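Listed below are the residues making up each chain.
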Amino acid sequence: QEFKLMFGMLFSLRSFVAKMSPTDMRDGFVSFHTSKYRLHYLETPSGLRLVLNTDLGVPSAREALQHIYSNLFVELVVKNPLCPPRAPVQSLLFRQRLDAFVRSLPYFGPRNP
């Protein structure tokens, strides 16, 4: 249910940005923030959507999302014949490398209570 809500929100925001944007929609919708977090968004030409939630202090995670897509997802999922297209990612190696990459980001750290 949570995924459906997230998809609906992202679809609406993307549509809103497309209507309100001047003619150049090259980058499109890349992030938005609330009083508690910033949501970073990357949509690939194939339609895959990547989302990363961070602290408000992170201005842009675009490079991190592009790295996740090109160096992790494409290499470990798309090129893996054991991973069926359009199916949930079951690759343990992908999940481990993704976790290691996210933990290596300078803005990753324990939550403050």
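Here the structure is shown first, and the text comes after it.
The structure presented is a predicted model; accordingly, all values stated were derived computationally and were not measured.

Colleague: So what about the packing of aromatic side chains? Which residues, and what values?
Modeller: Per the stated rule, a full pass over the model turns up three aromatic pairs. Each ring, one from F32 and one from Y37, has its centre 6.4 Å from the other, and the planes form 75°; the classification is edge-to-face. We classify F32 as buried; its relative accessible area is 18%. The exposure class assigned to Y37 is partly exposed, which follows from its relative accessible area of 30%. Their ring planes at 80° and their centres at 6.1 Å tell us that F73 and F94 sit as a pair that is edge-to-face. Taken together, the residues F73 in helix 2 (residues 62-78) and F94 in helix 3 (residues 92-104) connect sequence positions 21 residues apart. We note that F73, like F94, is buried. Within the aromatic cluster, the residues linked to one another by ring pairs are Y69, F73 and F94.

What counts, and at which threshold
Residues numbered from 1 in each chain as written. Predicted model: local features only at pLDDT ≥ 70, side-chain atom pairs only at ≥ 80, totals over all residues. Heavy atoms only, no water. Phe/Tyr/Trp six-rings, centres within 6.5 Å; stacked < 30°, edge-to-face > 60°. Buried < 20%, exposed > 50% of the residue type's maximum accessible area, 1.4 Å probe, protein only. Helix = DSSP H or I, 4+ residues; strand = E, 2+ residues; numbered from the N terminus.

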